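Commentary on secondary and tertiary structure
The residues making up each chain are set out below.
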Amino acid sequence: MSASVTAVRGPMVWFRGDPFLIAREDAFVHESDGLLICTDGVVTAAGDYTALRDRLPDSLEPVHYPDHVITAGFIDTHIHYVQTGIIAAFGSQLIDWLNHYTFVEEQRFSDPAYARTVASSFCDELLRNGTTTALTFCAVYPESVDALFAEASRRNMRMAAGKVLMDRNAPDALLDTAQSGHDDSKALLERWHGKGRNLYAITPRFAPTSTPAQLEAAGALRREHPEALMHTHVSENTGEISWVRSLFPERAGYLDVYDHYGLLGRGTVLAHGVHLTGRERDRCSETGTAISHCPTSNLFLGSGLFHVHDAKDSKRPVHVGLGTDIGAGTSFSLLATMNEAYKVAELCNYPLDSVKAFYLATLGSAQAMGIEDRVGSLEPGHEADFVVLDPRATPLLAQRTSRVSDIEELLFVLAVMGDDRTVRATYVAGTLAHDRDVVTAD
Ligand code: GUN
Ligand code: ZN
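Here goes a summary of the coordinates provided. Computed from a predicted model, the values in this text were never measured in an experiment.

Quick look at the overall build of the chain
Each helix and strand counted, the chain has 17 helices and 17 strands in total. Residues classed as buried in the chain amount to 60% of the 442 residues present. A separation threshold of at least 6 residues defines the contact pool for the chain, and within that pool the share at least 24 residues apart is 74%. For the chain, the accessible area works out to roughly 16300 Å², and carbon and sulfur atoms hold 50% of it.

Digging into the coordination of the zinc ion (ligand 2)
Distances from the zinc ion (ligand 2) to its protein donors, H78 (NE2), H80 (NE2), H233 (NE2) and D325 (OD), fall at 2.0 to 2.3 Å. In this structure, the zinc ion (ligand 2) is coordinated by 4 donor atoms arranged in irregular fashion, with angles at the metal of 88 to 167°. As a motif over one chain, the donors of the zinc ion (ligand 2) read H-x1-H-x152-H-x91-D. Of the two residues, H80 is situated in strand β6 (residues 74-80) and H233 in strand β11 (residues 229-234); the sequence distance between them amounts to 153 residues. Note on H80: relative accessible area 2%, which makes it buried.

Thoughts on the pairing of strand β15 (residues 386-389)
Of the two faces of β15, the one carrying F386 and V388 and the one carrying V387 and L389 are both buried. In this structure, β15 lies alongside strand β16 (residues 423-428), joined through 4 bridges in antiparallel fashion. Looking at the pairing, V388 lines up with A425 of β16.

Here's the deal with the nonpolar core
With 107 residues, the main nonpolar core has Y81 and M159 as its most contacted residues. Here this core takes 8 residues from helix α4 (residues 112-128), the largest share from any one element. Those residues in contact with M159 that lie beyond four places of it in its chain are F122, C123, L126, A134, T136, L148, F149, A152, R197, N198 and L199. With 17 residues, the next largest nonpolar core counts V8, A384, V388 and A425 among its residues.

Focus on the site of ligand 1
The immediate surroundings of ligand 1 are formed by H80, Q83, L94, W97, L98, R205, F206, H233, E236, H272, D325 and A328. R205 places a side-chain nitrogen or oxygen 2.7 Å from an oxygen atom of ligand 1. At 2.7 Å, a side-chain N or O of E236 approaches a nitrogen atom of ligand 1. Expressed as a share of its isolated accessible area of 280 Å², the protein-covered part of ligand 1 is 100%.

Overview of α4
The end-to-end C-alpha distance of α4 is 24 Å, a good match for the 24 Å that 17 residues give at a rise of 1.5 Å each. Near the N-terminus of α4, the side chain that reaches the backbone nitrogen of A113, with its oxygen 2.9 Å away, is that of D111. Two residues or fewer past α4, G130 is found with a positive phi of approximately 80°.

Observations concerning the packing of aromatic side chains
Scanning the model with the defined rule gives 14 aromatic pairs in all. Arranged with centres 6.4 Å apart and planes meeting at 80°, the rings of F206 and W243 form a pair that is edge-to-face. Taken together, the residues F206 in the loop between β10 (199-204) and α7 (212-224) and W243 in helix α8 (residues 238-247) connect sequence positions 37 residues apart. The class for F206 is buried, based on a relative accessible area of 3%. For the ring pair F386 and Y427, a centre distance of 4.5 Å and an interplane angle of 15° mean the geometry is stacked. Taken together, the positions of F386 in strand β15 and Y427 in strand β16 put the pair 41 residues apart, joining distant regions of the chain.

Focus on the pairing of strand β13 (residues 290-293)
Looking along a regular strand, one sees side chains alternate from face to face of the sheet. Here β13 shows a buried face lined by A290 and S292 and a second buried face lined by I291 and H293. Pairing of strand β12 (residues 268-272) with β13 involves 3 bridges; the strand directions are parallel. Along β13, the bridge assignment pairs L270 with I291. Read as a crossover between parallel neighbours, the route from β12 over helix α10 (residues 278-287) to β13 is right-handed. As judged from the 4 bridges shared by β13 and strand β14 (residues 319-322), these two strands associate in the parallel manner. Considered in β14, the bridge of I291 is made with V320.

Concerning unusual backbone geometry
Residues I326 and G327 are joined by a peptide bond in cis, for which omega reads 0°. Position of G327 among the secondary structure elements: in the loop between β14 and α13 (334-347). Unusually for a residue other than glycine, S59 sits at a positive phi of about 70°. By secondary structure assignment, the location of S59 is in the loop between α2 (49-52) and β4 (63-64). Overall, the relative accessible area of 79% leaves S59 in the exposed class.

Re the packing of helix α14 (residues 354-361) against helix α17 (residues 407-417)
Put simply, α14 and α17 touch, their axes get as near as 8 Å, and they point 60° apart. Here α17 runs oblique to α14, going by the angle between their axes. Here the hand of the crossing between α14 and α17 comes out left-handed. In this structure, α14 uses S354, V355 and F358 to contact α17, whose residues at the interface are E408, L411, F412 and A415. Considering only residue class, the contact of α14 with α17 consists of 5 nonpolar, 1 polar and 1 charged.

About the cut-offs
- Residues numbered from 1 in each chain as written.
- Chains lettered and ligands numbered in written order.
- Predicted model: local features only at pLDDT ≥ 70, side-chain atom pairs only at ≥ 80, totals over all residues.
- Heavy atoms only, no water.
- Helix = DSSP H or I, 4+ residues; strand = E, 2+ residues; numbered from the N terminus.
- Buried < 20%, exposed > 50% of the residue type's maximum accessible area, 1.4 Å probe, protein only.
- Contact = heavy atoms within 4.5 Å.
- Areas by Shrake-Rupley, 256 points an atom, 1.4 Å probe, with all protein chains shown as cover.
- Donors = N, O, S within 2.8 Å, 3.2 Å for Na, K, Ca; no water.
- Tetrahedral: all angles 85-135°; square planar, octahedral: opposite > 155°, others 65-115°.
- Pairing = 2+ DSSP bridges.
- Core = buried A, V, L, I, M, F, W, Y, C linked by side-chain atoms within 4.5 Å.
- Near = heavy atom within 4 Å.
- Polar contact = N/O pair within 3.5 Å; in protein donor to acceptor, adjacent residues only side chain to side chain.
- Expected span 1.5 Å × (residues − 1).
- Phe/Tyr/Trp six-rings, centres within 6.5 Å; stacked < 30°, edge-to-face > 60°.
- Right-handed = clockwise from strand over helix to strand, strands pointing away.
- Axes fitted to C-alpha atoms, helices over the stretch in contact; angles between N-to-C directions.
- Parallel < 35°, antiparallel > 145°, perpendicular 65-115°, else oblique.
- Left-handed = near helix turned anticlockwise from the far one by under 90°.
- Nonpolar A, V, L, I, M, F, W, Y, C, P; charged D, E, K, R; others polar.

In structure tokens form, the structure reads like this:
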């Protein structure tokens, strides 16, 4: 069978390394007239159009996006697909918000038909926002995981997900047990991990909703399956941290609970980490454990300000990606998330520039999940997931972007003013998966 080749042309940006740690010119690539060639879903050439056009197969005309910006697909390192229906729930901080809204909504996912409907619109919403990979919580019910992976598979997305583990401090209908949680997770992992582009993440909700026995079982599963990811929450809210101290008085702190049960390491993504201590950040750095920075959620729930420059301190850097944390987060858009990340950093006296912000949403997020060899960049060899951004998506954006003087300013304006309207097209494994300007029948 002959190879399937697709190509796009236009201004392009991507990353070869971490601009928090190495010189910008080594980390960041910008082609003002770029060509991207994809063969069987993988990038086989990326660079200057004039230099590469001879490599196009005869008769293949690249899809041309002049005056746009092509970037690697966005990667959301922390989202709950089962909370899509409760975005913008009024009036509470974390624990009350969980009890009043989240634990009510998640019970609806015992119905596989409801799970399928939400999973389908969730995947569409990711693609409309230029997000090609997400690390997502499902509900406690294994069927809620099957529903998501089935919909991601239909769209050929690289999706990471897992059944949430909870065996205490939640309504009975949402509880598993240490044994059933382990066994259900193992069965799901064996069913889905590596099937197509799917990845399984072992997913204890957070320390307060798992007994020591369940965390022990999660650690055992991780040792049996080191290829899987680990996904949980840490140090989001000060009340939550006190609660963890009272539940695990023998541990040195919140992070130490996860450390004790063998849950840290490369491929572990901890959401929030807003209140981690310097020593805890050191431990994340030592173990390769990543933090998902979720600024829209941290502001919405009044959780606090994540100090990105502390986490990315070059003396002991931590892997950091961006997360929307839907439904505590308020937008599926990683552009909107960059906007809030910028404002949070400003409140911490750190100007988060656009190159670093785009890095966090692409290669930084891939590194956080330990999948940077596969996604997050347009370097040849990566899977061809990419997004075409439109600097003239709205009249105001067109007015503002007409005045920018260089690519960094253009990216900054896109990050601060952009949203789903800015996403002109999303490609998954080299194939057009969302086109803003094509109206579908349904
Ligand atoms: N901590 C434990 N569960 C959750 C959740 O569903 N959302 C957020 N933001 N934090 C959590
Ligand atoms: Zn969350």
